Amino acid sequence: MRKFITAIAADKNWREVVKVLIDILSPEISACPTPPNLGFLYLTDKLSKDAQSIVDLLRSLTTVPFWVGASGSAILSDGGQHTDRPAAACLLMHIPENEFSIIGVSQENYQADLQRVLDGSVTLAPRTAHIYFHPETGYPPQTALNRIYEQTMCFMTGGVSSGRGLQNVFTHNKCDDALSGCFFSETVPVVSALFEGFSTMGCEHKVTSCQNNVIFELDGKSAAYVLAEDLSSWLAPRHAKDDLTGLTLNELRAYLPALSAEIQMAFRYYKNDIMGRSIKSMSGCDDEKGWVSAAHIAAEGEYLSFVVRDQAGLKADLAQKLMKLRARLQAEGTLNSIKGGVYISSASRLSRDEPSCELTLIKEIIGDIPLAGFYSSGEISRHSLYNFTALLTLFV
């Protein structure tokens, strides 16, 4: 088994970044009995406008013919991560050309290009796809995911480009695409895991009165009252010295900034007979009038739970699910045959205090594997688009 090749570099401009990447990659490529033919490339938003030049130069100097990638507010690899500066990370691999196909859908000819890509995938009969979306094209990623899934039935992973200012999604043929990526046949085994990073407060509740995005009642009680009960229970062990009895919702929420915690709402949904939960921001609440609102159009009869996003919950969820993934890989006999992986994490998870905590946990639990990725504005798992999550995709 030959592991994938990774490199990460940061410098004053795109030319210097490429030079450092080539210095790292050249000896690794020379040592490969079978040279890599596919590259995943991730750029910080500082290099988004230079994506075409970077891809062209890397393609020429590495002789790797096929490239896909995206820009992000931060990029990462097993060698570290960078944000707020010109930087790039890449993952190079060799996949037989009859076992993958490139996905490239332009913004100008979106519908025609997407249908062309789907028609072209019939011969490959893809089992999985790894996809990147541009967030500002006017074409909703979830609509494209539904269409791809309906026509291919493949398991999808990937993410949505992020950053300040110009963003980019690209292939070796064209930059500033609407979406890019790869289809893989069943002969390219892939394992993935989704990480939510939330602490659930209390139990799940049924929406019993609502209007648009405003929820008035949960389980027949004031929604704000139910939230206050859940939040009080969550805060109790964290503020054992304080008497939280009888505090209003606003008084309880005043404890959250010191904990660097944020309340969000998880709505249960079913898709293709698979249950999941969609995390939405809590957009407001009124303690006196008893309502809460979400970035979601609510419906009576649906179920939700209140969740807290904080660094402790993120690390606990990531560690727990990485341990489950490790156990699965051990049971399948693939833990020691991981060739490489892609890690895509929500930009909202990037911690200034512990910027490398996610990479550290992956290395400690899964192992020191070739890894590259970026921080996104949306994460793709199976056939759904998520927010505030992270996704690890492993080639085994």
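(A) Local environment of the pattern of salt bridges. Applying the stated criterion across every chain yields a total of 14 salt bridges. Taking the shortest distance from any N to any O, the salt bridge between Glu186 and Arg127 comes out at 2.8 Å. Here Glu186, found in the loop between strand E11 (179-184) and strand E12 (190-195), pairs with Arg127, found in the loop between helix H3 (110-120) and strand E8 (128-133); they are 59 residues apart in sequence, far enough to count as distant. Judged by relative accessible area, Glu186 falls into the exposed class, the value being 54%. On the basis of relative accessible area, Arg127 is assigned to the partly exposed category, the value being 48%. The partner of Glu358 in a salt bridge is Arg349, with the nearest N and O atoms 3.1 Å apart. For Glu358, a relative accessible area of 2% gives the class buried. The exposure class of Arg349 is buried, given its relative accessible area of 3%. Linked through salt bridges whose partners overlap, the residues forming this network are Asp45, Asp84 and Arg164.

(B) Representation of helix H8 (residues 357-365) in the model. Among the residues of H8, those classed as buried are Cys357, Glu358, Leu359, Leu361, Ile362 and Ile365. Considering only its buried residues, H8 is in contact with strand E4 (74-77), strand E5 (80-83), helix H7 (311-332), strand E20 (340-346), strand E21 (371-376) and strand E24 (390-395).

(C) Spatial organisation of the layout of surface pockets. By volume, the largest pocket amounts to about 530 Å³. As for the largest pocket, its lining consists of 21 residues, and the residues nearest its centre are Ala193, Leu194, Ser381, Arg382 and Tyr386. Taken together, the elements giving at least two residues each to the lining of the largest pocket come down to E12, strand E16 (262-271), strand E17 (274-286), H7, strand E22 (379-382) and strand E23 (384-386). For the lining of the largest pocket, the residue count by class is nine nonpolar, five polar and seven charged.

(D) Here's a closer look at the sheet that holds strand E3 (residues 66-72). Across the sheet, five strands lie side by side as E1-E6-E2-E3-E10; this open sheet has mixed pairing. Of all the strands in the sheet, the pair left with one neighbour each is strand E1 (5-10) and strand E10 (169-171). Taking the axes of each pair of neighbouring strands and ignoring which way they run, one obtains an average angle of 15 degrees across the sheet. For E1 and strand E6 (residues 87-93), the ladder comprises six bridges, and the chain directions are antiparallel. By the bridge assignment, Ala10 is partnered in E6 with Ala87.

(E) Summary view of the pairing of E5. Where E4 and E5 come together, four bridges link them in antiparallel fashion. Looking across to E5, one finds that Ala74 is bridged to Thr83.

(F) Representation of the packing of helix H1 (residues 14-30) against helix H2 (residues 51-62). Look at H1 against H2: their axes get within 10 Å of each other, and the N-to-C directions meet at 25 degrees. In terms of their interaxial angle, H1 and H2 are classed as roughly parallel. For the pair H1 and H2, the sense of crossing is right-handed. Counted together, Trp14, Val18, Leu21, Ile22, Leu25 and Ile29 of H1 and Ser53, Ile54, Leu57, Leu58, Leu61 and Thr62 of H2 form the full contact between these two elements. Of the residues in the contact of H1 with H2, the class split is ten nonpolar, two polar and no charged.

(G) Examining the nonpolar core more closely. Counting 29 residues, the largest nonpolar core has Ile215, Leu231, Met265 and Phe306 as its most contacted members. The set of elements that each furnish at least two residues to this core consists of strand E13 (199-211), strand E14 (214-218), helix H5 (223-235), helix H6 (249-253), E16, E17, strand E18 (291-294) and strand E19 (303-309). Broken down by element, the residue count for this core peaks at eight residues, all from H5.

Procedures and definitions
- Per-chain numbering applies: the sequence of each chain, read as written, is numbered from 1 onward.
- Given that the model is predicted, a residue must reach a pLDDT of at least 70 before its local features are reported, and side-chain atom pairs must reach 80 or more before they are shown or counted; all residues, however, enter totals for whole chains, interfaces and linings.
- Water and hydrogen atoms were dropped before computing side-chain values, which therefore reflect all heavy atoms in the structure.
- Only one rule defines a salt bridge in this text: a Lys or Arg side-chain nitrogen within 4 Å of an Asp or Glu carboxyl oxygen.
- Helix numbers and strand numbers start at the N terminus; a helix is a DSSP run of H or I with at least 4 residues, a strand a run of E with at least 2.
- The rule is simple: take the accessible area with a 1.4 Å probe, protein chains only, and divide by the maximum for that residue type; under 20% is buried, over 50% is exposed, in between is partly exposed.
- Any two residues whose heavy atoms approach within 4.5 Å at even a single point are treated as in contact.
- A cavity here means a set of 1 Å grid points, computed over protein atoms only, where a 1.4 Å probe fits but cannot escape. A pocket is an open set with protein on both sides within 12 Å along at least 5 of 7 lines, and lining residues have an atom within 4 Å of a point.
- Grid points are joined across faces, edges and corners, and a volume is the space filled by probe spheres set on the points.
- For this classification, Asp, Glu, Lys and Arg are treated as charged, while Ala, Val, Leu, Ile, Met, Phe, Trp, Tyr, Cys and Pro are nonpolar and the rest, including Gly, are polar.
- One bridge is not enough; two strands pair if DSSP finds at least two bridges between them.
- For helices, the fitted line uses only the C-alpha atoms of the stretch in contact; every axis is such a line through C-alpha atoms, and the angle between N-to-C directions lies from 0 to 180 degrees.
- Any angle between 65 and 115 degrees counts as roughly perpendicular, while under 35 counts as roughly parallel, over 145 as roughly antiparallel, and the rest as oblique.
- Helix crossings fall into two classes, left-handed where the near helix is turned counterclockwise from the far one by less than a right angle and right-handed where it is turned clockwise.
- Each nonpolar core is a collection of buried residues, namely Ala, Val, Leu, Ile, Met, Phe, Trp, Tyr and Cys, held together in the definition by side-chain atoms within 4.5 Å.

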